[in-house]
Amino acid sequence: DEVITIFSAGHETTSNLLTWTLYLLAKHPTVTDKIRQELNAVTNGKPLQYDDLPNLNYTKAVINESLRIRPPVGVMMRKLIQDTEVYGYALKAGSLAIFSIYNVHHHPELWAEPEQFNPERFLTAESRRFLFMPFGAGERICIGNHFAMLEAQLLLAMMIQQYDFELIDQAEPKIEMVISVRPKGGLPIRIVRRG
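All chains use their own residue numbering, which begins from 1 and follows the written sequence. Side-chain atom pairs in this predicted model are given and counted only at pLDDT of 80 or more, local residue features only at pLDDT of at least 70, and totals for whole chains, interfaces and linings cover all residues. Note that water and hydrogens are dropped before the side-chain values are worked out from all heavy atoms of the structure.

## A closer look at the overall build of the protein chain
Link 1 in the chain: Counting from the N terminus, the helices are the DSSP runs of H or I reaching at least four residues and the strands are the DSSP runs of E reaching at least two. When you go through the protein chain residue by residue, the secondary structure sums to 5 helices and 8 strands.
Link 2 in the chain: Tracing the protein chain from N to C terminus, the helices and strands come up as α-α-α-β-β-β-β-α-α-β-β-β-β.
Link 3 in the chain: Radius of gyration here uses only the C-alpha atoms, and the compact-globule reference equals 2.2 Å multiplied by the residue count raised to the power 0.38. The globule rule puts the C-alpha radius of gyration for 195 residues at 16 Å, and the 18 Å found for the protein chain is close to it.
Link 4 in the chain: Along the first, second and third principal axes, the C-alpha set of the protein chain runs to 60 × 40 × 35 Å.
Link 5 in the chain: Out of the 195 residues in the protein chain, the part that is buried amounts to 37%.
Link 6 in the chain: When contacts within the protein chain are restricted to residue pairs at least 6 apart in sequence, long-range pairs at least 24 apart make up 69% of them.
Link 7 in the chain: Here the accessible surface of atoms and residues is derived via Shrake-Rupley with a 1.4 Å probe, and residues count as covered only by protein chains that are part of the display. Accessible area for the protein chain stands at about 12,000 Å²; split by element, carbon and sulfur atoms hold 55% of it. Type-normalised accessible area, obtained with a 1.4 Å probe on protein chains alone, sets the label of each residue: buried when under 20%, exposed when over 50%, and partly exposed for intermediate values. Contact criterion: two residues are considered in contact whenever any of their non-hydrogen atoms come within 4.5 Å of each other.

Here you go:
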């Protein structure tokens with residue numbers, strides 16, 4: 001069951017993560033330039049290797065910031081195992097609670113300038129437990145979280161090395177929440193091979 005979950009759920013969520021990341025990078029070319037500078041410093045012009053990934057801190061920060069702004073899974077549901085109270089509301093054991101990861105990631109009391117794309121916020125050692133939870137949190141955290149991060153970081157770095165990405169439409173895409181948070185109607189981007 002867990003392996004099926006990794007392959008089935010991981011496909012759509014990772015593709016949406018990379019879609020939103022390419023969109024954000026196309027809107028912020030200076031961030032793309034910083035990724036390329038990091039890649040050049042780490043690989044020295046050679047093909048990217050698995051062992052290079054731990055040294056791609058800025059690239060990982062870009063992925064994390066993309067996960068914050070457009071988390072592939074916008075809401076989570078949990079069954080309460082005991083009676084509890086949240087902000088004066090009584091919740092009974094056995095009932096289902098839905099919480100919005102998207103809203104937590106955009107809450108102005110939790111994040112400075114939450115609507116700004118700022119990967120640098122993920123280059124600090126600041127604890128973000130229960131503030132940043134694109135894969136959920138606690139004992140029920142997504143089993144594929146490490147694989148998804150590895151896959152996304154590797155694919156993004158490889159794409160940025162080889163291609164430029166340009167928006168075809170400058171309008172802000174509408175968000176559609178079906179199973180995951182995705183751009184309604186897709187997100188057309190022009191891909192141009194570099195050099």
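Okay, back to it.
## Re unusual backbone geometry
Link 1 in the chain: The phi torsion at N44 lies on the positive side, around 55 degrees, for a residue other than glycine.
Link 2 in the chain: Structurally, N44 can be placed in the loop between helix 2 (29-43) and helix 3 (57-69).
Link 3 in the chain: Assessed through its relative accessible area of 63%, N44 is described here as exposed.
Link 4 in the chain: Phi at E113 is positive, roughly 45 degrees, even though this residue is not glycine.
Link 5 in the chain: For E113, a relative accessible area of 58% puts it in the exposed group.

## What about the nonpolar core?
Link 1 in the chain: Ranked by size, the top nonpolar core spans 36 residues in total, and within it I35, V62 and L156 carry the most contacts.
Link 2 in the chain: Sorting the residues of this core by element identifies helix 1 (2-27), helix 2, helix 3, helix 5 (145-162) and strand 5 (163-167) as the ones contributing at least two each.
Link 3 in the chain: Per-element accounting of this core gives the leading share, 8 residues, to helix 1.
Link 4 in the chain: What V62 contacts, discounting residues up to four positions off in sequence, is T21, L25, V31, I35, F117, P119 and L156. Here the nonpolar core consists of buried residues drawn from Ala, Val, Leu, Ile, Met, Phe, Trp, Tyr and Cys, with membership extended through side-chain atoms lying within 4.5 Å.

Everything listed here is a matter of geometry and, on its own, says nothing about what the molecule does.
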